[in-house]
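Geometric and topological summary
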Amino acid sequence: MLSCLARPRLGRATTSIVRTHTNRSFSMKGFSSYSKIYIATAGLISMPGLWWLTTTRDDVPRLESPAEHLAPERGPSREDVTHILSKEAYTYQVKNIAGVNRYDGAQLGSNSPCEDRFIHGKVSSPWNENDQWMSWAVFDGHSGWQTADLLTKQLLPFVRRRLTEAKPHSNDEPVPNESIQRAIMEGFVDLDDSIIKTAPDTVETNESFQDKIKKLGPAYAGSCALLSLYDPSTSTLHVACTGDSRAVLGQKGSDGKWEAIPLSVDQTGSNEEEVTRISKEHPGEENIAQGGRVLGLMVSRAFGDSLWKWPVDFQKEMKRRFKGPAPLTPRYDVRTPPYLTAEPVVTSTKIDPNKPSFLIMATDGLWDYLSSEQGVGLVGNWLEPQGTREKKSIPERTDGQFDFGRFWKDVNWKFEEERTTTQDDNAAVHLMRNSLGGNHHELIAGRLAFGPPFSRRIRDDITVQVVFFNTEK
């Protein structure tokens, strides 16, 4: 009787469970109304619901942890420092590009997530798919990572498209450097226009609300860009800079000394040429550049940064409709945007095959602590054989009395030659280590002990690439 009642409503497994339970608990003579209700309810249970009836597993985490077994958290050890500095490092030996032997790279984040990005590798010549160039780039994002991330995917394609349009004066001549520089500049501007100027069209399309918000991210955030292109057929290195990331060439002279040759100039509110340029573009607006900043922003050229480019009324509309950032007004006197441009300054440099040389490219997180000359000196010393390196180091501090208050007394917060140490196989890691403290373990470990968001008070994101031309290591 029980089986007949249960079978129409229950699957096989459910029938078995109900039968066993009722046979144990009740006789057929005492088949009560409670039993009928139980069976009817069981018949409504779906197969997934059987997990609740049958499982004996308890996945709830246990929180007991005896206090005597807890070890206090400690700051980075010497091994930890090396691991932190090296975990994002890379080295590539280059075999088939004339003049390039190797390049190293490394990154140390301070923001979470890190707002810096980078690219590196081979790229086809704009004029012959069978010829290979090389490219390296670092992107220093601010107010978010979105713009820098977009640049890793789109900047090189935009630049290459413009380069393919550049033509030589004759078939027997290479494309002039001036034409290459102009094409690179146009590629930068094209991409920024697609970020900034297409926003009004984007918000009025039939795309979904969430897709529009995603597309607007690179306009809300911003990024500097430092792009290098090396053409082995002409041994020419083209460097394009928008913002304050920096490129410097180290070249060894006949006297054996390394010379620092600037390949870019920091474009900030402290650069008098940049301030003059902006003032001419906005006559009568005397307060655009103050305290080394352009309406509050450190750099004078950048991708994205729509608050410095969109009309104020449009900014207010974007704030209302898409929760964009609040306009700079009334804190800053914004009258005639745009105040920023993504147009880069481009240099072209012939790499002498008879002179060992190397390129350092880094975001301002490195140059906050190092001068260009110091960076070249560090890499030059790193290149020397172990036995011939110039040794200028002091014993590591071990008294445990260091704190950041000493920056205003007897410890320099920037690079000190006396703290130089050479212990890394990667030149980019070598630069980062020495910029942050070198052999002064308490100083460098203290800087690395901070995690986000507090680390941002003591250091910025750092991204470094070092490229070796005609140089063996």
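Check the entry above for the structure.
Residues numbered from 1 in each chain as written. Predicted model: local features only at pLDDT ≥ 70, side-chain atom pairs only at ≥ 80, totals over all residues. Heavy atoms only, no water.

Here we take up the packing of aromatic side chains. For any pair of aromatic rings, the description rests on two quantities: the centre-to-centre distance and the angle between the ring planes. The full count for this structure, using the stated rule, is 20 aromatic pairs. For the pair Phe 404 and Phe 407, a centre-to-centre distance of 5.4 Å together with 40 degrees between the ring planes defines the contact as tilted. Residue classification places Phe 404 among the partly exposed positions, given a relative accessible area of 23%. You can call Phe 407 buried: its relative accessible area is 15%. Grouped by ring-pair contacts, the aromatic residues Tyr 90, Tyr 92, Tyr 103, Phe 118, Trp 136, Tyr 230 and Phe 469 constitute a single cluster. Lying over the aromatic face of Phe 158, Arg 161 brings its terminal NZ or CZ to 4.8 Å of the ring centre. (Phe/Tyr/Trp six-rings, centres within 6.5 Å; stacked < 30°, edge-to-face > 60°. Buried < 20%, exposed > 50% of the residue type's maximum accessible area, 1.4 Å probe, protein only. Lys NZ or Arg CZ within 6 Å of the ring centre and 35° of its normal.)

Turning to the pattern of salt bridges, a few remarks are in order. With the rule as written, the count across this model stands at 21 salt bridges. When the shortest N-O distance is used, the salt bridge between Arg 160 and Glu 129 registers 3.9 Å. Here the residue Arg 160 occupies a position in helix α6 (residues 146–165), and Glu 129 occupies one in the loop between β3 (116–124) and β4 (132–142), the gap between them amounting to 31 residues. Take Glu 129: its relative accessible area is 55%, and that puts it in the exposed class. Across the pair Arg 406 and Asp 410 runs a salt bridge, and its minimum N-O distance is 2.3 Å. Of the residues examined, Arg 406 reaches a relative accessible area of 18% and is grouped as buried. (Salt bridge = Lys/Arg side-chain N within 4 Å of Asp/Glu carboxyl O. Helix = DSSP H or I, 4+ residues; strand = E, 2+ residues; numbered from the N terminus.)

This paragraph deals with helix α13 (residues 372–383). A rise of 1.5 Å per residue sets the reference length of α13, with its 12 residues, at 16 Å; its end C-alpha atoms lie 17 Å apart and thus fit the reference within 8%. Summarising burial for α13: nine of the 12 residues are buried, a large majority. (Expected span 1.5 Å × (residues − 1).)

On to the side chain of Arg 301, then. Summarising the element assignment, Arg 301 is placed in the loop between β11 (293–294) and β12 (303–304). Among the polar contacts listed, one links the side chain of Arg 301 to the side chain of Glu 274, at a separation of 2.9 Å. Here Glu 343 takes part through its backbone oxygen, which lies 2.9 Å from a polar atom of the side chain of Arg 301. Not counting chain neighbours up to four residues away, the residues in contact with Arg 301 comprise Thr 242, Gly 243, Gln 267, Glu 274, Arg 277, Leu 340, Thr 341, Glu 343, Pro 344 and Val 345. (Polar contact = N/O pair within 3.5 Å; in protein donor to acceptor, adjacent residues only side chain to side chain. Contact = heavy atoms within 4.5 Å.)

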